[in-house]
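Now for the letters of each chain:
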Amino acid sequence: MAHSVSGPATESPMSRTTDEIISAITRFGHRMLSYGLALVIGWIGMMKFTEYEARGIEPLVVHSPLLGWMYHLWTVRQFSDGLGVVEVAIAILIALRHWSPKACAIGSAAAVLMFLTTLSFLFSTPGWEQSLGGFPALSAMPGQFLLKDIVLLGASIWSLGEALTT
């Protein structure tokens, strides 16, 4: 009776090389996803300190049932600056993954909530392109501008899960 032998001893060098390449690509992808997420959130957060960005998010916030009330407490610029502080803090927490998985988990959970909030703007801010018949055609702003947040939400959920596994 012949026995089938499997495992590393019978694995071809080409197969090991392919596995190593796939593993390296996966590790690089994880780093890009994690630190790319932190970079994007941080960059967007830093932009909140500009008048341009403060005015840019104003129509989104005004129409939001979740955030619209904020303008009764703060000016457009004060709210934007405060949001910038929160977003930069989230980015820093996510970027601390190598040193503190717990900090990364907190930042990632906050990012999940942030992106769920921004995605709610798709439903509260007029954004369906009427000239194309309305839903599902999205206007450039806010529709297409916000659509990327689905991917960023997915990256935040992945980052949270990855940080919690450590």
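Anyway, here's the lowdown on the structure attached to this text. What you see is a predicted model, and the numbers here were worked out from it, not measured in a lab. (Residues numbered from 1 in each chain as written. Predicted model: local features only at pLDDT ≥ 70, side-chain atom pairs only at ≥ 80, totals over all residues. Heavy atoms only, no water.)

## Describing the pattern of salt bridges
Put simply, the rule is: Only one rule defines a salt bridge in this text: a Lys or Arg side-chain nitrogen within 4 Å of an Asp or Glu carboxyl oxygen. Only protein chains enter the accessibility calculation, which uses a 1.4 Å probe; a residue is then buried when its area is under 20% of its type maximum, exposed when over 50%, and partly exposed in between.
The tally for this structure, following the rule as stated, stands at 8 salt bridges. Salt-bridge contacts for Lys48 lead to Glu53; the nearest nitrogen and oxygen are separated by 3.4 Å. There is no split in this pair, since Lys48 and Glu53 are both buried. Residue Lys148 pairs with Asp149 through a salt bridge whose shortest N-O separation is 3.2 Å.

## A few points about the environment of Gly42
Under the convention used in this document: The helix count covers DSSP runs of H or I at least four residues long, the strand count covers runs of E at least two residues long, and both are numbered beginning at the N terminus. Contacts: residue pairs with any heavy atoms within 4.5 Å of one another.
Within the fold, Gly42 resides in helix 1 (residues 13-47). By relative accessible area, Gly42 is classed as buried at 14%. Sequence separation of Gly42 and Ile92 is 50 residues, and the distance between their C-alpha atoms is 7.5 Å. Discounting chain neighbours no more than four positions away, the residues touching Gly42 are Val88 and Ala91.

## Thoughts on helix 1
What counts, and what does not: How far a helix is expected to stretch is found by multiplying one less than its residue total by 1.5 Å.
Over its 35 residues, helix 1 extends 50 Å from the first C-alpha to the last, a length consistent with the 51 Å expected when each residue adds 1.5 Å. Among all positions in helix 1, only Ser34, Leu37, Ala38, Ile41, Gly42 and Gly45 are buried. Those residues of helix 1 hidden inside the fold are in contact with helix 3 (76-95), helix 4 (101-124) and helix 6 (149-164).

## Structural notes on the packing of aromatic side chains
For the record, the criterion: Two rings from Phe, Tyr or Trp (for Trp, the six-membered ring) form a pair when their centres sit within 6.5 Å of each other. Planes less than 30 degrees apart are called stacked, planes more than 60 degrees apart edge-to-face, and all others tilted.
Applying the stated criterion across every chain yields a total of 1 aromatic pair. With a centroid separation of 5.6 Å and 85° between ring planes, the pair formed by Tyr71 and Phe79 is classed as edge-to-face.

## A closer look at the packing of helix 1 against helix 6
As a reminder, the rule being used: Helix axes are fitted only over the stretch in contact, all axes being lines through C-alpha atoms; the angle between N-to-C directions runs from 0 to 180 degrees. Oblique is the label for every angle not falling under 35 degrees (roughly parallel), over 145 degrees (roughly antiparallel), or within 65 to 115 degrees (roughly perpendicular). Crossings are classed by handedness, with left-handed meaning an anticlockwise turn of the near helix from the far one by less than a right angle and right-handed meaning a clockwise turn. Residues are grouped as follows: Ala, Val, Leu, Ile, Met, Phe, Trp, Tyr, Cys and Pro are nonpolar; Asp, Glu, Lys and Arg are charged; every other residue, Gly included, is polar.
Taken N-terminus to C-terminus, the directions of helix 1 and helix 6 make an angle of 120°; their axes are 10 Å apart at the nearest point. Compared by their axis directions, helix 1 and helix 6 come out oblique. Both helix 1 and helix 6 take part in a crossing whose hand is left-handed. In contact with His30, Leu33, Ser34, Leu37 and Val40 of helix 1, helix 6 contributes Leu152, Ala155, Ser156, Trp158 and Ser159. When the residues that make up the contact of helix 1 with helix 6 are grouped by side-chain class, the tally is 6 nonpolar, 4 polar and no charged.

## Some words on the packing of helix 3 against helix 4
Close contact between helix 3 and helix 4 brings their axes to 7 Å; oriented N to C, the two are set at 140°. Viewed along their axes, helix 3 and helix 4 adopt a mutual orientation that is oblique. For the pair helix 3 and helix 4, the sense of crossing is left-handed. Residues Glu87, Ile90, Leu93 and Ile94 of helix 3 form the contact with helix 4, whose own contacting residues are Ala103, Cys104, Ile106, Gly107, Ser108, Ala110, Ala111 and Met114.

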